[in-house]
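Geometric and topological summary
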Amino acid sequence: MSILIIKNADKFYGKNHVVKSLNLEVDDSEFLTILGPSGCGKTTTLRMIAGFETPDKGSIILKGEDITYLPPYKRHVNTVFQNYALFPNMNVSENIAFGLQQQKKDKATVDKKVTEMLAMVRMSNFAKRKPAELSGGQQQRVAIARAVANNPAILLLDEPLGALDLKLRKQMQFELKSLQQQLNYTFIYVTHDQEEALTMSDRIAVMNEGVIDQLGTPEEIYNSPSTEFVAGFIGDINKLSGKVTAQNELVCNGQNIIANTKNIPNGKEAKIFLRPENIFITQSNNGIPGKILQTVFAGTHTKLEIQLSDGNIVHINEPVNSERRYTHGDSIHLEVKQHTAIIFE
Amino acid sequence: MNTTSLKNFLVSFSGIAVLLFLYFPLVVIVLFSFNADTVNSFPIQHFSLKWYSVLFRDDELLQSIGTSISIALISTAVALLIGIPAAYAMHKYDFKGKKLIDKIVLMPITLPGIVTGVAMLSFFPFVGVKISLTAVTFGHITFLCAIVVTQMLARFKRLDPYLEQAAYDLGATPSATFFKVILPNIKTAIIGCVLLCLVLSMDEIPVTFFLIAGNNTLPLEIYAMMRRGITPEVNAISTLIFIFSTTAILLSMRLNKEK
Ligand SMILES: Nc1ncnc2c1ncn2[C@@H]1O[C@H](COP(=O)(O)OP(=O)(O)O)[C@@H](O)[C@H]1O
Ligand SMILES: [Mg+2]
């Protein structure tokens, strides 16, 4: 069942068309990520759900109720802001209690919920601290507890981990994901970090210039991107060129490749997108010929930069424990795993 | 002496000269306020607090202090009640004429006091306010409003805009947001603003001069005393005003700087 439906939402800032006829249905209890490059309209979309912006056209429906024009304080959604926006004049407990107090809950109920929330985000020992006396990660936890305390129908998170360093970010990704599963809440999570989106989400909506290009599970988005933009934005990918020779057959640098050619007619030029993990160096002589340009050690593997005979450059990852070592100038042959190439016209 | 050190010397010399020029009269007044003799002459023969005790027995002076304090308190309170919501509205909403207001809000302060004074002198009777301490209070409210609006607007601009949104997001109505989130976070700026307003009101002469009838305010009372000659009593009251004003202004500057 859809808990939230955005129907044909348009948003203009002056002449700038920021969100374009956007449609999105969010399932109950899912972790949905809106992923896209900076400036593509993610925050604007989230702010329309929270009520800080009103769409110029279209509607937003929460649990069957049209909330398009409802002010933010009357909506049953809560936001975790990127800069946390904790109230500096209140301590941790008071921050968490604020939303409950606005609903005029009695003191015993508020106290009980605050204690519960503090325990949930492991901040019980910091209840009396002011936000300025907390680290970034701790402020983050308080911001989450404060938003969750209101029991929102949907929790909105706008790049909540953006300000944390890499290690803490990885840890918080796990914490957020397990929190979402434990609470069984609907999360709408905004990020420009594709790796974060892949690891955390049930579904990802890939957004580009105000439009959702593709909505699907991380596997669908990764393995069968529906547009060139999605293919290029998610994960590492190599762009090769070739020609369609028959239904689901192409030729690339003189080698046959089997892949879904969709409805591209025979004889047409095509773009071939290939993930690094689907290209191997073969010891036989019938592969795509190429030359090693560069090798870079990267811990678990070595990154190889290879120039093909048609001039295209390919990057692949070679396990460090493979028997052969390659160096600059080596001539090699590449084999492509069948049915893995993604083809665009 | 090479040119750099000559330049340095000239710069620090002129700096010190300016400071001396500004503060020497103050130092003299403070010193003479402790002079036991009636005649101001160096070197001071006997130090005493005599003039301070004379001061506290001068009924007219004490009354003028009372008048000034009441006017300062009332006009500051009213200016805050008008100025803070006005500044909040100017910060929050975009409306026609906002730019214009932004520019002219400081007019009552930047215009020479004499212009404001004359303008009010002819305007107030026109709307039925007689020349009186009430008129003086209205006059002070006018220019203090300008101070409050500019000071508070600057504070609102430094406030994290997401605080307000976070409050709405958690279900707080606009008024609850203002009283529970906005106001507590601009508290120090308000206190600073109050101190500044009190000092400016206590110290005001031009506008007051045109509108006053009946009892004198403190600055006008001092002015009246001076016509009888610069008595050591004037030195004493000036010293007290100097200490009070400097403390209040320094405190106000500190509070306004705070995040
Ligand atoms: N309040 C605003 N006024 C004018 N333009 C805005 C405003 N907010 C965002 N924009 C513009 O809208 C576009 C989308 O912004 P945003 O939704 O914040 O993108 P994202 O969150 O994906 O980085 C950007 O080009 C941005 O400059
Ligand atoms: Mg954004």
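Notes on the structure follow. (Residues numbered from 1 in each chain as written. Chains lettered and ligands numbered in written order. Predicted model: local features only at pLDDT ≥ 70, side-chain atom pairs only at ≥ 80, totals over all residues. Heavy atoms only, no water.)

**Some details on the overall build of chain A**
When helices and strands are counted, chain A shows eight helices and 20 strands. For chain A, the spread of C-alpha atoms along the principal axes amounts to about 80 × 45 × 35 Å. Here the analysis covers contacts within chain A between residues at least 6 apart in sequence; of these, 65% occur between residues at least 24 apart. For chain A, the accessible area works out to roughly 16100 Å², and carbon and sulfur atoms hold 49% of it. Positive and negative charge centroids in chain A, built from 37 and 38 side chains respectively, lie 6 Å apart. (Helix = DSSP H or I, 4+ residues; strand = E, 2+ residues; numbered from the N terminus. Contact = heavy atoms within 4.5 Å. Areas by Shrake-Rupley, 256 points an atom, 1.4 Å probe, with all protein chains shown as cover. Lys, Arg positive; Asp, Glu negative; His and termini not counted. Charge placed at Lys NZ, Arg CZ, Asp CG, Glu CD.)

**Overview of the side chain of threonine 191 of chain A**
Residues and elements named next belong to chain A. Along the chain, threonine 191 turns up in strand E8 (residues 186-191). Engagement of the side chain of threonine 191 in a polar contact is seen with the backbone nitrogen of aspartate 193, the distance being 2.9 Å. Of the polar contacts made by the side chain of threonine 191, one reaches the side chain of glutamate 196; its length is 3.3 Å. Setting aside chain neighbours within four positions, we find threonine 191 in contact with Thr33, Ile34, Leu35, Gly36, Lys42, Glu159, Glu196 and Ala197. (Polar contact = N/O pair within 3.5 Å; in protein donor to acceptor, adjacent residues only side chain to side chain.)

**Re a nonpolar patch on the surface**
All names here are of chain B. A grouping of Val18, Leu19, Phe21, Leu22, Tyr23, Val27, Leu31, Phe42 and Phe47 is seen on the molecular surface, where their side chains present a nonpolar patch of about 970 Å² in accessible area. Among the structural elements, phenylalanine 47 can be located in the loop between helix H1 (3-32) and helix H2 (50-55). For phenylalanine 47, a relative accessible area of 58% translates into the label exposed. (Patch = residues over 30% accessible without salt bridge, like charges linked within 9 Å, V, L, I, M, F, W, Y side chains within 5 Å. Salt bridge = Lys/Arg side-chain N within 4 Å of Asp/Glu carboxyl O. Buried < 20%, exposed > 50% of the residue type's maximum accessible area, 1.4 Å probe, protein only.)

**A few points about empty space enclosed by the protein**
Residue and element names in this part refer to chain B. Scanning the model with the defined rule gives one cavity of 30 Å³ or more in all. Of the voids in this model, the largest cavity is the one considered here, and its volume is about 30 Å³. Looking at the largest cavity, the residues that line it are Ser68, Ile71, His140, Ser201, Met202, Glu204, Thr208 and Thr217. Every element with two or more residues in the lining of the largest cavity is listed here: helix H3 (59-92) and helix H10 (187-203). By residue class, the composition of the lining of the largest cavity is two nonpolar, five polar and one charged. (1 Å grid on protein atoms, 1.4 Å probe; cavity = no way out; pocket = protein on both sides within 12 Å on 5 of 7 lines; lining within 4 Å. Points joined across faces, edges and corners; volume = space filled by probe spheres on them. Nonpolar A, V, L, I, M, F, W, Y, C, P; charged D, E, K, R; others polar.)

**Structural notes on the sheet that holds strand E5 (residues 65-66) of chain A**
Residues and elements named next belong to chain A. Strand order in the open sheet formed by four strands is E2-E1-E4-E5, and the pairing between neighbours is antiparallel. Looking along the sheet, the strands with just one partner apiece sit at the ends: strand E2 (16-27) and E5. As paired elements, strand E1 (residues 2-13) and strand E4 (residues 57-62) share five bridges and run antiparallel to each other. Counterpart to isoleucine 5 in the pairing with E4 is isoleucine 61. Contacting E1, E2 and E4, helix H1 (residues 42-50) runs over the sheet at an angle of about 120° to E1. (Pairing = 2+ DSSP bridges. Axes fitted to C-alpha atoms, helices over the stretch in contact; angles between N-to-C directions.)

**Things to note about the site of ligand 1**
All names here are of chain A. Close to ligand 1 lie Tyr13, Asn16, Val18, Pro37, Ser38, Gly39, Cys40, Gly41, Lys42, Thr43 and Thr44. Glycine 41 is positioned such that a nitrogen or oxygen atom in its backbone is 3.1 Å from an oxygen atom of ligand 1. Protein contacts shield 58% of the accessible area of ligand 1, which totals 560 Å² for the unbound molecule. Only E2 and H1 provide two or more residues apiece to the shell around ligand 1. If one sorts the elements of the shell around ligand 1 by residue count, H1 sits on top with three residues. Looking at the shell around ligand 1, its residues break down into four nonpolar, six polar and one charged. (Near = heavy atom within 4 Å.)

**Here we look at the layout of surface pockets**
Residues and elements named next belong to chain B. A volume near 350 Å³ is recorded for the second largest pocket. Around the second largest pocket sit 18 residues that line it, and Met202, Asp203, Leu218, Ile241 and Phe244 are the ones nearest its centre. For the lining of the second largest pocket, the secondary structure elements donating two or more residues are H3, H10, helix H12 (218-227) and helix H13 (232-257). Considering each element in turn, the lining of the second largest pocket owes the most residues, five residues, to H13.

**A look at the interface of chain B and chain A**
The interface of chain B with chain A comprises 18 residues on the first partner and 22 residues on the second. Both sides of the chain B and chain A interface together cover about 1700 Å² of buried area, and 61% of this is carbon and sulfur. Its largest share of buried area at the contact with chain A, chain B owes to Gln165, Asp169 and Leu170 of chain B, together 38% of the area lost on that side. Linking chain B with chain A are zero salt bridges. For the interface between chain B and chain A, the tally reads eight residue pairs in polar contact (both at pLDDT 80 or more). Elements supplying a minimum of two residues to the side of chain B that touches chain A: helix H8 (161-169) and helix H9 (174-185) of chain B. (Buried area = accessible area lost by both parts, 1.4 Å probe.)

**Remarks on the sheet that holds strand E19 (residues 331-336) of chain A**
The strands making up a sheet associate through hydrogen bonds between their backbones, and the pairing can be parallel or antiparallel. Residue and element names in this part refer to chain A. Reading across from one edge, E15-E19-E16-E17-E18 is the order of the five strands in this open sheet, with antiparallel pairing throughout. The open sheet is flanked by strand E15 (279-282) and strand E18 (313-319), the only strands paired with a single partner. Taken pair by pair, the neighbouring strands of this sheet meet at an average axis angle of 50°, ignoring direction. For strand E17 (residues 301-308) and E18, the ladder comprises seven bridges, and the chain directions are antiparallel. Looking at E18, one finds that threonine 302 is bridged to glutamate 318.

Bear in mind that shape data such as this cannot, by itself, settle questions of function.
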